[in-house]
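Letter by letter, the chains look like this.
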Amino acid sequence: AKQNIKSSIQFYSTDLKDDALKRMDLESALREAIEKEQFELYLQPILDLASGRIVQAEVLLRWDRPGVGMVSPAEFIPVAEQTGLIVTIGKWVIKEAISLLMDLHRQHKYIKLSVNLSPAQVSDNGLLNFIKKSIVSSEIDASYLELELTEGVLVNDFDRISEFLVELRALGITIAIDDFGTGYSSLSYLQKLPIDFLKIDQSFIFELIGNDSNQAIVQAIIGMAKSLKLKVIAEGVETEAQRDLLKEYCCQFVQGYLFSKPLEYKAFCALLNT
Ligand code: C2E
Ligand code: CA
Ligand code: CA
Ligand code: CA
């Protein structure tokens, strides 16, 4: 038994060391990625369910890592958050999203773009001014820009967040709550803060068919949103059965692989033209 414990401890510490090394590797590679501009924005269509038209797109970050290929943000955003690199990366995302908006509008495609903000970005005091400046210098209509925040961001430092959101709203920017239904927070913030959209978390949609409790939750979210005059986007729609049920529930907007995966900008524009 003693032997076993010892070897499992060794195994554990080697694991930790590997993790730490991997993190450091990733951190320096991310710094290089910023300098060498290895990031790219993909766009995933959001459709109006009744008309089937693309009205919006979510901006999703991709890292074209040399020798590796496209890396999903799920793999590097956590490290970018822990190291604070997300602040620089996030500013690049906002700037790039605004330039894509300008390009879309030049083509008379009046599509709205939504950008994800992680907690560390929202804690950065410079973010609001950065957004203001970027909007003023681009002269875009800010109502075409939406920011996605998770519920977790809202519970920390409520007064500061409230002020931040009120200022964004004054610019015309809209706010969506991402992964809604997974945050375990009080719902009172929905009335207190200037929020426009709820994005129902994918987990409820993946297991919607044949799951009574998920069906009840999704219907309750849609009903509540309606009475609070919020709009709803269902994320992670992969099947026609899910889409049909959401239509029955009068869900207004949908996003998911059934309609389209996140696309490179060119492919997204091509899709808009079909
Ligand atoms: P999220 O904001 O919840 O984004 C939705 C994720 O679900 C995306 O993964 C998208 O590609 C994926 N997805 C969309 N439809 C479907 C579907 O029908 N089925 C399945 N299985 N998946 C679907 P992605 O692009 O890998 O992004 C992962 C997460 O990384 C995002 O989750 C978001 O939290 C974060 N992220 C992405 N881009 C940014 C960014 O620019 N800034 C920050 N701070 N976070 C970002
Ligand atoms: Ca999102
Ligand atoms: Ca989400
Ligand atoms: Ca998420």
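What you see is a predicted model; the values in this text were computed from it and never measured.

A. The arrangement of the coordination of the calcium ion (ligand 2) in detail. Within the protein, Glu58 (OE), Asn116 (OD1), Glu148 (OE) and Asp178 (OD) serve as the donor atoms for the calcium ion (ligand 2), at 2.2 to 2.3 Å. Sequence spacing of the donors to the calcium ion (ligand 2): E-x57-N-x31-E-x29-D. Classification of Glu58 by relative accessible area gives buried; the value is 4%.

B. Structural detail: the state of the cysteines. What the rule picks out here adds up to zero disulfides. With no disulfide partner, Cys251 has as its closest neighbouring cysteine sulfur the one in Cys250, 9.2 Å distant.

C. The coordination of the calcium ion (ligand 3), seen in detail. In the first shell of the calcium ion (ligand 3), the protein supplies Asp178 (OD), Asp179 (OD), Glu235 (OE) and Glu235 (OE), at 2.3 to 3.0 Å from the metal. Positions of the donor residues of the calcium ion (ligand 3) along the chain correspond to the pattern D-D-x55-E. The distance between the calcium ion (ligand 3) and the calcium ion (ligand 2) comes to 3.9 Å, with Asp178 serving as a donor to both metals. Of this pair, Asp178 sits in strand S6 (residues 174-180) while Glu235 sits in the loop between strand S8 (231-234) and helix H11 (240-248), placing them 57 residues apart in sequence. Of the residues examined, Asp178 reaches a relative accessible area of 8% and is grouped as buried. Residue classification places Glu235 among the buried positions, given a relative accessible area of 6%.

D. Region of the structure containing the pattern of salt bridges. Inspection of the entire model under this criterion finds ten salt bridges. Notably, a salt bridge pairs Arg106 with Asp103, separated by 3.3 Å at the nearest N-O pair. Taken as a pair, Arg106 and Asp103 lie in helix H3 (residues 85-106) at a separation of three residues, close to a single helical turn. The class for Arg106 is exposed, based on a relative accessible area of 57%. Judged by its relative accessible area of 25%, Asp103 is partly exposed. Salt bridges sharing partners connect three or more residues here, namely Glu58, Glu148, Lys199 and Glu235.

E. Structural view of H11. For H11, every residue scored as buried is listed here: Gln242, Leu245 and Leu246. Buried residues in H11, looked at end-on, bunch into an arc of 100 degrees, giving them a common side. As for H11, its buried residues are in contact with helix H9 (202-206), helix H10 (212-227), S8 and strand S9 (253-254). The positive-phi residue at the C-terminal boundary of H11 is Cys250, with phi of around 60 degrees.

F. Local environment of helix H12 (residues 265-272). For H12, the set of buried residues is Tyr265, Phe268, Cys269 and Leu272. In an axial view of H12, the angular spread of the buried residues amounts to 100 degrees, which keeps them on one side of the axis. Check the buried side of H12 and you find it contacts strand S1 (39-48), strand S2 (54-65) and H3.

G. The arrangement of the layout of surface pockets in detail. There is about 830 Å³ of room inside the largest pocket. Counting only elements with at least two residues in the lining of the largest pocket, the list comes to S2, helix H2 (73-83), H3, strand S4 (112-116), helix H4 (119-122), strand S5 (145-150), S6 and H9. Per-element accounting of the lining of the largest pocket gives the leading share, five residues, to S2. Residues of the lining of the largest pocket, tallied by class, amount to 17 nonpolar, eleven polar and eight charged.

What counts as what
Residues numbered from 1 in each chain as written. Chains lettered and ligands numbered in written order. Predicted model: local features only at pLDDT ≥ 70, side-chain atom pairs only at ≥ 80, totals over all residues. Heavy atoms only, no water. Donors = N, O, S within 2.8 Å, 3.2 Å for Na, K, Ca; no water. Buried < 20%, exposed > 50% of the residue type's maximum accessible area, 1.4 Å probe, protein only. Disulfide = S-S within 2.5 Å. Helix = DSSP H or I, 4+ residues; strand = E, 2+ residues; numbered from the N terminus. Salt bridge = Lys/Arg side-chain N within 4 Å of Asp/Glu carboxyl O. Arc of directions from axis to C-beta. Contact = heavy atoms within 4.5 Å. 1 Å grid on protein atoms, 1.4 Å probe; cavity = no way out; pocket = protein on both sides within 12 Å on 5 of 7 lines; lining within 4 Å. Points joined across faces, edges and corners; volume = space filled by probe spheres on them. Nonpolar A, V, L, I, M, F, W, Y, C, P; charged D, E, K, R; others polar.

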